[in-house]
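# Structure at a glance
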Amino acid sequence: MQIKRVGVVGAGTMGNGIAQVFARAGYAVTLCDIEQRFLDRALDTIAKNLGRETAKGKITAQQEAVALQRITPVLGRGKLAECDFIVEAATEKFEIKTEILHDLDRIARPEIILASNTSSISITKLGAQTKRPELVIGMHFFNPVPVMKLVEVIRGLATSQPTFETVRELATALSKTPVEVNDAPGFVSNRVLMPLLNEAMYAVMEGVATAEAVDEVFKLGMAHPMGPLTLADFIGLDVCLDIMRGLYAGLGDPKYRPCPLLSRMVDAGWLGRKSGRGFYQY
Ligand SMILES: NC(=O)c1ccc[n+]([C@@H]2O[C@H](COP(=O)([O-])OP(=O)(O)OC[C@H]3O[C@@H](n4cnc5c(N)ncnc54)[C@H](O)[C@@H]3O)[C@@H](O)[C@H]2O)c1
């Protein structure tokens with residue numbers, strides 16, 4: 001089956017980026033969210049991003065207009081019945097994703113692949129919520145989606161080889177680089193990255209060095225584009241805490257214990273860049 005129309009469920013940070021890259025690659029996109037204002041905000045963001053690409057001479061004004069026209073915003077999920085592939089990028093809550101998958105399982109044609117952009121929920125568990133676990137897969141994009149090249153393609157226990165191959169080809173068609181990963185807490189990206197960020201927080205908590213000093217070490221000594229604490233602030237400290245908790249619960253090893261300083265900062269509402277305060281002031 002040729003994939004012509006792609007459904008994207010959730011039009012937030014990731015959903016709008018995913019819609020943009022599919023539209024830029026020539027796919028028709030049905031973008032779905034629960035409130036009109038979220039769809040309006042997403043289309044606004046996409047228009048601004050595409051406008052920037054035009055201003056830089058990366059695309060023509062004509063290509064910009066065509067890409068925008070390819071995106072159809074919808075509130076009702078019924079419209080997703082026309083889609084040949086669906087990726088869900090809704091809020092990272094198991095109950096929300098389960099409800100969406102139940103509905104998509106009912107709405108989408110039986111042969112349609114249902115992909116999830118989850119950062120931490122088991123693909124095997126999500127697949128088991130549907131009658132088509134062999135067609136459920138992780139397609140994990142990175143933020144900002146139009147810029148970051150990586151797509152982790154995550155196989156659940158029941159994911160079939162043709163499903164995996166279709167998603168790998170789709171990622172390539174979006175000019176991304178797919179990397180195959182099996183289903184395990186944090187996949188590869190967060191399993192390796194988050195303990196680094198968590199350890200950097202322990203170093204600050206124990207007075208080994210200031211946040212600025214830890215970040216300098218990683219920028220100048222390891223050529224990281226930003227230090228781990230700047231990155232944690234950028235991701236959101238609440239998100240970091242949720243992921244560490246997921247790793248700790250899923251892997252059962254004390255080395256994944258969330259740093260107490262991280263928990264305290266989240267309790268204080270210091271969530272990083274988005275709240276104006278984290279390891280740095282914004
Ligand atoms: N933000 C990141 O850096 C990042 C990176 C990789 C993966 N992810 C994953 O992507 C997913 C989305 O994250 P985000 O950062 O875009 O979140 P977000 O909060 O920016 O957007 C989530 C969107 O989902 C919508 N939504 C909630 N319930 C819905 C429903 N029932 N039906 C349709 N839409 C619904 C919300 O209205 C919101 O617009 C999560 O699974 C997250 O773990 C996030």
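The rules behind the values
- Every chain begins its residue count from 1, and numbering advances along the sequence as written.
- In keeping with the model being predicted, local features are shown solely for residues with a pLDDT of at least 70 and side-chain atom pairs are shown and tallied solely at 80 or more, while totals for entire chains, interfaces and linings include all residues.
- Hydrogen atoms and water are omitted, and side-chain values are computed over all heavy atoms in the structure.
- Paired strands, in this sense, are two strands between which DSSP finds at least two bridges.
- By the criteria applied, helices consist of DSSP H or I runs no shorter than four residues and strands consist of E runs no shorter than two, each listed in order from the N terminus.
- Here an axis means a line fitted to C-alpha atoms, over the contact stretch when the element is a helix, while the angle between two N-to-C directions is reported on a 0 to 180 degree scale.
- A simple rule labels every residue: compare its accessible area, found with a 1.4 Å probe on the protein chains alone, to the largest value its type can have, and call it buried under 20%, exposed over 50%, or partly exposed in between.
- Note that His is not counted, nor are the chain ends; the positive residues are Lys and Arg, and the negative ones are Asp and Glu.
- Salt bridge, as used here, is a side-chain nitrogen of Lys or Arg placed within 4 Å of a carboxyl oxygen of Asp or Glu.
- When checking whether two residues touch, look at their non-hydrogen atoms; a contact exists if any pair is within 4.5 Å.
- The criterion for a residue being near a molecule or strand is simple. One of its heavy atoms has to lie within 4 Å of it.
- Identification of polar contacts relies on pairs of N or O atoms within 3.5 Å, with a donor-acceptor requirement for protein atoms, meaning one able to donate a hydrogen and the other able to accept it, and with residues adjacent in sequence counted only if both atoms are side-chain atoms.
- Residue-level accessible areas treat just the shown protein chains as cover; the underlying method is Shrake-Rupley with a 1.4 Å probe.
- Only Asp, Glu, Lys and Arg are considered charged in this grouping, and only Ala, Val, Leu, Ile, Met, Phe, Trp, Tyr, Cys and Pro are considered nonpolar; every other residue, Gly among them, is considered polar.
- Put simply, a nonpolar core is a bunch of buried Ala, Val, Leu, Ile, Met, Phe, Trp, Tyr and Cys residues held in one set by side-chain atoms that sit within 4.5 Å of each other.
- In this description, one arc is meant: the one made by directions from the helix axis to the C-beta atoms.
- Oblique is the label for any angle not under 35 degrees, not over 145, and not in the 65 to 115 range, which are roughly parallel, roughly antiparallel and roughly perpendicular in turn.
- The crossing is said to be left-handed when, going from far helix to near helix, the turn is anticlockwise and less than a right angle, and right-handed when the turn is clockwise.

### Some points on the sheet that holds strand 1 (residues 5-9)
The sheet built from eight strands is open, its strands ordered 3-2-1-4-5-6-7-8 with mixed pairing. Every other strand in the sheet has two partners, leaving strand 3 (71-74) and strand 8 (177-182) as the edge strands with one partner each. Strand after strand, the sheet turns through a mean of 25 degrees between neighbouring axes, direction not considered. By the bridge criterion, four bridges tie strand 4 (residues 85-88) to strand 5 (residues 113-116) in an arrangement that is parallel. Looking across to strand 5, one finds that Ile-86 is bridged to Leu-114.

### Here we look at the side chain of Asp-215
Mapping Asp-215 onto the fold places it in helix 8 (residues 211-222). In this structure, Asp-215 is buried with no salt-bridge partner, the nearest side chain bearing the opposite charge being Lys-219 at 6.5 Å. Those residues within four positions of Asp-215 in sequence are excluded, and the remaining contacts are Gly-227, Pro-228, Leu-229, Thr-230 and Tyr-280.

### Here's the deal with the site of the ligand
Near the ligand there are 24 residues, and of these Met-14, Asp-33, Glu-92, Lys-97 and Ser-119 occur at the shortest range. Thr-13 is positioned with one of its backbone polar atoms (N or O) 3.0 Å from an oxygen atom of the ligand. Notes on the ligand: free accessible area 830 Å², of which the protein chains cover 79%. Taken together, the elements giving at least two residues each to the shell around the ligand come down to helix 1 (13-24), helix 4 (94-107) and strand 6 (136-141). No other element matches the four residues that helix 4 contributes to the shell around the ligand. Considering only residue class, the shell around the ligand consists of 10 nonpolar, nine polar and five charged.

### Side note on the nonpolar core
Among the nonpolar cores identified, the biggest contains 37 residues, and Val-8, Ile-18, Phe-22, Leu-31, Phe-85, Met-139 and Phe-141 are the most heavily contacted of them. Among the elements that take part in this core, helix 1 stands out by supplying six residues, more than any other. Look past the residues within four positions of Met-139 in its chain and what remains in contact with it is Phe-22, Phe-85, Ala-115, Ser-116, Asn-117, Val-151, Glu-152, Val-167, Leu-170, Ala-171 and Leu-174. Ranked by size, the runner-up nonpolar core spans 25 residues in total, among them Ala-211, Leu-237, Leu-241 and Leu-262.

### Digging into helix 11 (residues 260-267)
When we look at burial in helix 11, the residues that qualify are Leu-261, Leu-262, Met-265 and Val-266. Summarising the axial view, the buried residues of helix 11 lie within an arc of 135 degrees, below the 170-degree limit, and thus occupy one face. Opposite the packed face of helix 11, turned more than 90 degrees from it, sit the exposed residues Arg-264 and Asp-267. Looking at the buried side of helix 11, the elements it contacts are helix 7 (189-205) and helix 10 (237-251). Positive backbone phi, approximately 80 degrees, marks Gly-269, located one or two places after helix 11.

### Some points on the packing of helix 7 against helix 10
Here helix 7 crosses helix 10 at 115 degrees, and the two axes come no closer than 10 Å. What the angle tells us is that helix 7 and helix 10 run roughly perpendicular. Considering how the two elements wind past one another, helix 7 and helix 10 form a crossing that is left-handed. Packed against helix 7, whose contacting residues are Asn-190, Arg-191, Met-194, Pro-195, Leu-197, Asn-198 and Met-201, the element helix 10 presents Leu-237, Cys-240, Ile-243, Met-244, Leu-247 and Leu-251 at the interface. Classifying every residue of the contact of helix 7 with helix 10 gives 10 nonpolar, two polar and one charged.

### Describing the packing of helix 1 against helix 2 (residues 36-55)
Between helix 1 and helix 2, the least distance of the axes is 9 Å, while the angle of their chain directions is 50 degrees. Taken together, the axis directions place helix 1 and helix 2 in an arrangement best described as oblique. As helix 1 packs across helix 2, the resulting crossing turns out to be right-handed. Along the contact surface, helix 1 presents Asn-16, Ala-19, Gln-20 and Arg-24, while helix 2 presents Ala-42, Thr-45, Ile-46, Asn-49, Leu-50 and Glu-53. Here the residues of the contact of helix 1 with helix 2 are counted per class, giving four nonpolar, four polar and two charged.

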